[in-house]
Amino acid sequence: MALNAKNIADDEFFFGHKACAGCGGSLAVRAAMKVLGPNAVCALPAGCMSAVGFNFPQLCFSNNAMIAPFAATAAVLTGIEAGLRAQGKKPDDCTVVGFAGDGGTADIGLQSLSGAIDRNDDVLYICYDNEAYMNTGIQKSSLTPFGAKTTTTPAGKNVRGCLTQKKNLFEIVAAHGIPYAATASIGYLNDFIRKVERARDIRGTRYIHVIAPCPTGWGCDVDETVDIAKDIVDTGLWYLAEYEGEQESGQAGGRFRLNRNPREFASIEAYLRRQGRFKALTDEDVADVERGRDAKWEVMRRDWVR
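Residues numbered from 1 in each chain as written. Predicted model: local features only at pLDDT ≥ 70, side-chain atom pairs only at ≥ 80, totals over all residues. Heavy atoms only, no water.

Helix packing geometry: the angle between the two helix axes and the distance between the axes. Relative orientation of the contacting elements helix H1 (residues 24-36) and helix H7 (residues 189-200) amounts to 45°, with a least axis distance of 9 Å. With respect to each other, H1 and H7 are oriented oblique. As for how H1 packs across H7, the hand of that crossing is right-handed. Mapping the contact onto sequence places Ala 28, Ala 31, Ala 32, Val 35 and Leu 36 in H1 and Leu 189, Phe 192, Ile 193, Val 196, Glu 197 and Arg 200 in H7. In terms of residue class, the contact of H1 with H7 is made up of nine nonpolar, no polar and two charged. (Axes fitted to C-alpha atoms, helices over the stretch in contact; angles between N-to-C directions. Helix = DSSP H or I, 4+ residues; strand = E, 2+ residues; numbered from the N terminus. Parallel < 35°, antiparallel > 145°, perpendicular 65-115°, else oblique. Left-handed = near helix turned anticlockwise from the far one by under 90°. Contact = heavy atoms within 4.5 Å. Nonpolar A, V, L, I, M, F, W, Y, C, P; charged D, E, K, R; others polar.)

Spatial ordering of the open sheet is given by E2-E1-E3-E4-E6-E5-E7-E8, a layout of eight strands whose pairing is mixed. With one partner strand each, in any of the chains shown, strand E2 (64-67) and strand E8 (255-258) form the two edges of the open sheet. When the angles between neighbouring strand axes are averaged without regard to direction, this sheet yields 15°. Sheet topology note: the strand E4 (residues 124-129)/strand E6 (residues 206-211) ladder contains six bridges and is parallel. Bridge assignment links Cys 127 to a residue of E6, and that residue is His 209. (Pairing = 2+ DSSP bridges.)

Under the defined criterion, the tally for this structure stands at 32 salt bridges. The shortest N-O distance in the salt bridge between Lys 90 and Glu 81 comes to 2.8 Å. Of the residues examined, Glu 81 reaches a relative accessible area of 5% and is grouped as buried. Here Glu 131 makes a salt bridge to Lys 166, at a shortest N to O gap of 3.0 Å. On the criterion of sequence distance, the pair formed by Glu 131 in the loop between E4 and helix H6 (169-174) and Lys 166 in the loop between E4 and H6 is long-range, its members being 35 residues apart. With a relative accessible area of 24%, Lys 166 lands in the partly exposed category. (Salt bridge = Lys/Arg side-chain N within 4 Å of Asp/Glu carboxyl O. Buried < 20%, exposed > 50% of the residue type's maximum accessible area, 1.4 Å probe, protein only.)

This part takes up the nonpolar core. Ranked by internal contacts, the top residues of the largest apolar core, which has 60 residues, are Met 49, Phe 99, Phe 192 and Ile 208. Not counting the four nearest positions on each side in its chain, Phe 99 is found in contact with Val 29, Ala 32, Met 33, Cys 42, Ala 43, Leu 44, Pro 45, Ile 126 and Tyr 128. Among the nonpolar cores identified, the runner-up in size contains 34 residues, and Ala 106, Phe 170, Ala 174 and Ile 178 belong to it. (Core = buried A, V, L, I, M, F, W, Y, C linked by side-chain atoms within 4.5 Å.)

This is the structure in structure tokens:
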């Protein structure tokens, strides 16, 4: 039976943490752990979830979990999985899973992630993307979107915040020929749960990239997290999709699939204006963002399975 928000287990494997109110990352980890169950073994780099989940003497994971070096999440996952197999201590329902933020994945940890995919190690890597280095004070990462204010990309009368575009890490990972990769959002929880469940049951390297808003860094109210995570999908600025490599799709080169293809998009301007990090954007900037969205969707609707 497919899991959803109604029939998912009541057991909690990540709780009692010290995350900020409305933390999207903690919601992503909590939901994923409910799917993966008590035998999952976790590794987390120096980031929000390790900072709030490993406060001595309190460990907020009821599973086996450890902190990894910032750049080495995927490498540590490789070692854990190989060690469990070598000792004959890896049960069939054991998922070796990493949870890392956007900076720890797209910047500092990209090399070790690429290596794990190249080896096709039997691990699951989940990136909870809050679009900046939030744990260290809201610095820009390569997944920070255009126009966003951070401490290293200030915004005001004469500057527009981040001047670069968000790196398309989902397609970079897919370009490795990974068995399975997916995008998700905590605003569409059933979709995220389904993808974690699917990834759990595939062998080889799997990757899920989940949008997880941060009220502290995004400049929104703590009770808006889920709504904004839904809005970013509804506006088309984030899409829900899967990539199945050759071993899963049976198709040379693999296959991309759109999971949600809106007939109409919600207002990009309304989405941006409700967040303090975008307050310096001009109407022309918003129009540029909209044009970029339209160009991306034209390609996806033409080339990807729907």
